[in-house]
Amino acid sequence: ETGVTQSPTHLIKTRGQQVTLRCSSQSGHNTVSWYQQALGQGPQFIFQYYREEENGRGNFPPRFSGLQFPNYSSELNVNALELDDSALYLCASSTTSSGNTIYFGEGSWLTVV
Amino acid sequence: AQSVTQLDSQVPVFEEAPVELRCNYSSSVSVYLFWYVQYPNQGLQLLLKYLSGSTLVKGINGFEAEFNKSQTSFHLRKPSVHISDTAEYFCAVSAGNTPLVFGKGTRLSVIA
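Note that residues are indexed from 1 along each chain, following the sequence as it is written. Written order decides the labels, with chains lettered from A and ligands numbered from 1. The predicted origin of the model limits local features to residues at a pLDDT of at least 70 and limits the giving and counting of side-chain atom pairs to 80 or more, whereas totals for whole chains, interfaces and linings rest on all residues. Only hydrogens and water are set aside when side-chain values are computed; all heavy atoms of the structure are taken into account.

Peer 1: Let's hear about the state of the cysteines: which residues, and what values?
Peer 2: Any cysteine sulfur atom paired with another within 2.5 Å is treated as part of a disulfide. Per the stated rule, a full pass over the model turns up 2 disulfides over all chains. With a sulfur-sulfur separation of 1.9 Å, Cys23(A) is cross-linked through a disulfide to Cys91(A). Classification of the bridge connecting Cys23(A) and Cys91(A) rests on its S-S torsion, roughly -65°, and on that basis the disulfide is left-handed. Of this pair, Cys23(A) sits in strand 3 (residues 19-24) while Cys91(A) sits in strand 9 (residues 87-94), and the two are 68 residues apart along the sequence. Accessibility expressed as a relative area gives 2% for Cys23(A), which makes it buried. With a 1.4 Å probe rolled over the protein chains alone, any residue whose accessible area is under 20% of its type maximum counts as buried; one over 50% counts as exposed, and the rest are partly exposed. Owing to a relative accessible area of 0%, Cys91(A) belongs among the buried residues under this scheme. Bridging Cys23(B) to Cys91(B), the disulfide has an S-S length of 2.0 Å. Because the sign of the S-S torsion sets the handedness, a value of about -65° for the bond joining Cys23(B) and Cys91(B) places this disulfide among the left-handed ones. Here Cys23(B) is found in strand 4 (residues 23-26), whereas its partner Cys91(B) is found in strand 10 (residues 87-94), with 68 residues between them in sequence. You can call Cys23(B) buried: its relative accessible area is 0%. Helix numbers and strand numbers start at the N terminus; a helix is a DSSP run of H or I with at least 4 residues, a strand a run of E with at least 2.

Below you can see the structure in the form of C-alpha cells.
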C-alpha cells in the first residue's frame, strides 16, 4: 500500500474522444509524475508537476496535458485519443524527503477502440 | 541522458533455486538505481534502491542487488525463489531530480 490512489481503474474510450484520469498522492508528497506503460513495455515518463507547475515533460505530444491541485492531487488529460494510447497509466508521488523514491499507484487501464 | 538495459526478457527458474536478473545502465553523471516489481494487473512496488553508500543493497521479500560502478550494473538476486515471486521486474535509473528511466522488464517465472 503506497498511499497513491488512482481512478478509474479501467475504462474504454473511442478513438477521437477525450479522457481524464485522476490521482491522489501520498500525504505530504508535493511532486506527482505520470507514466504510460504500454503492453509488454516498461513505463515511459509523460510529465511531472511540482507545487501545481509542470516542471518536466517526456516525449509526448501536447494532447497529453495535466493539472496539479493545491492538495497535490493531479489529473492527466488526453485529447483526440488514438488506438496507441491504449496502456496502463501510472501516477507516482514523491517529495524531497522521500529520498528520491517515488511511490506508484495501481494504475488506470485505458483501452481505446 | 540515462538508459537502462535489462538483458533478459524472460527468466524461468525452479522453486527454491537462486535467481539473478541483470540490469545495466548508461549515464554520464552519478545515478540512483531502483528495482520495482509488478504483479499481474497491478502497479509498481519498490523492491530496493541504491542512492549512495554500501554497494550491496537489501530489499523486501529477500531480494538484494549490488551496484557495480565500473561495470555500470545493478543486478538483482535472490538465493531461493518462491512461486509468489512470479512477476515482472523493472530496473530504473535517475540522476537526482530527473524522472525515472525504466528498462523493458524481465518476466520471472517460478516453476514448481
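Peer 1: So what's going on with the sheet that holds strand 8 (residues 74-78) of chain A? Which residues, and what values?
Peer 2: Residue and element names in this part refer to chain A. Should DSSP find at least two bridges between two strands, the strands are regarded as paired. What the 4 strands build is an open sheet, ordered 1-3-8-7; its pairing is antiparallel. Looking at the sheet topology across the chains shown, the edges are occupied by strand 1 (5-7) and strand 7 (64-68). Each neighbouring strand pair of the sheet contributes to a mean axis angle of 20°, computed without reference to strand direction. Where strand 1 and strand 3 come together, 3 bridges link them in antiparallel fashion. By the bridge assignment for strand 3, Thr5 is matched with Ser24. To get an axis, a line is fitted to the C-alpha atoms, and for a helix only the part in contact is used. The angle between two axes follows their N-to-C directions and goes from 0 to 180 degrees.

Peer 1: Describe unusual backbone geometry, with residues and values.
Peer 2: Residues and elements named next belong to chain A. Cis rather than trans, the peptide bond between Ser7 and Pro8 has omega equal to -10°. Positionally, Pro8 belongs in the loop between strand 1 and strand 2 (10-13). Even without being glycine, Glu52 reaches a positive phi, approximately 75°. By the element assignment, Glu52 lies in the loop between strand 5 (44-50) and strand 6 (53-57). Of note, Ala80 is a non-glycine position whose phi angle comes to about 45°, a positive value. For Ala80, the location among the structural elements is in the loop between strand 8 and strand 9.

Peer 1: Describe the interface of chain A and chain B, listing the residues and the values that go with them.
Peer 2: By definition in these notes, contact holds between two residues if any of their heavy atoms fall within 4.5 Å. Residue-level contacts link 18 residues of chain A with 19 residues of chain B. In total, about 1,500 Å² of surface goes out of reach between chain A and chain B, with carbon and sulfur atoms giving 53% of it. Each salt bridge in this description consists of a side-chain nitrogen of Lys or Arg and a carboxyl oxygen of Asp or Glu lying within 4 Å of one another. Run the count over chain A and chain B and you get 0 salt bridges. Looking at the side of chain A that touches chain B, the elements with two or more residues in it are strand 4 (31-37) and strand 9 of chain A. Here the quantity called buried area is the accessible surface, traced with a 1.4 Å probe, that two parts lose on coming together, added over both.

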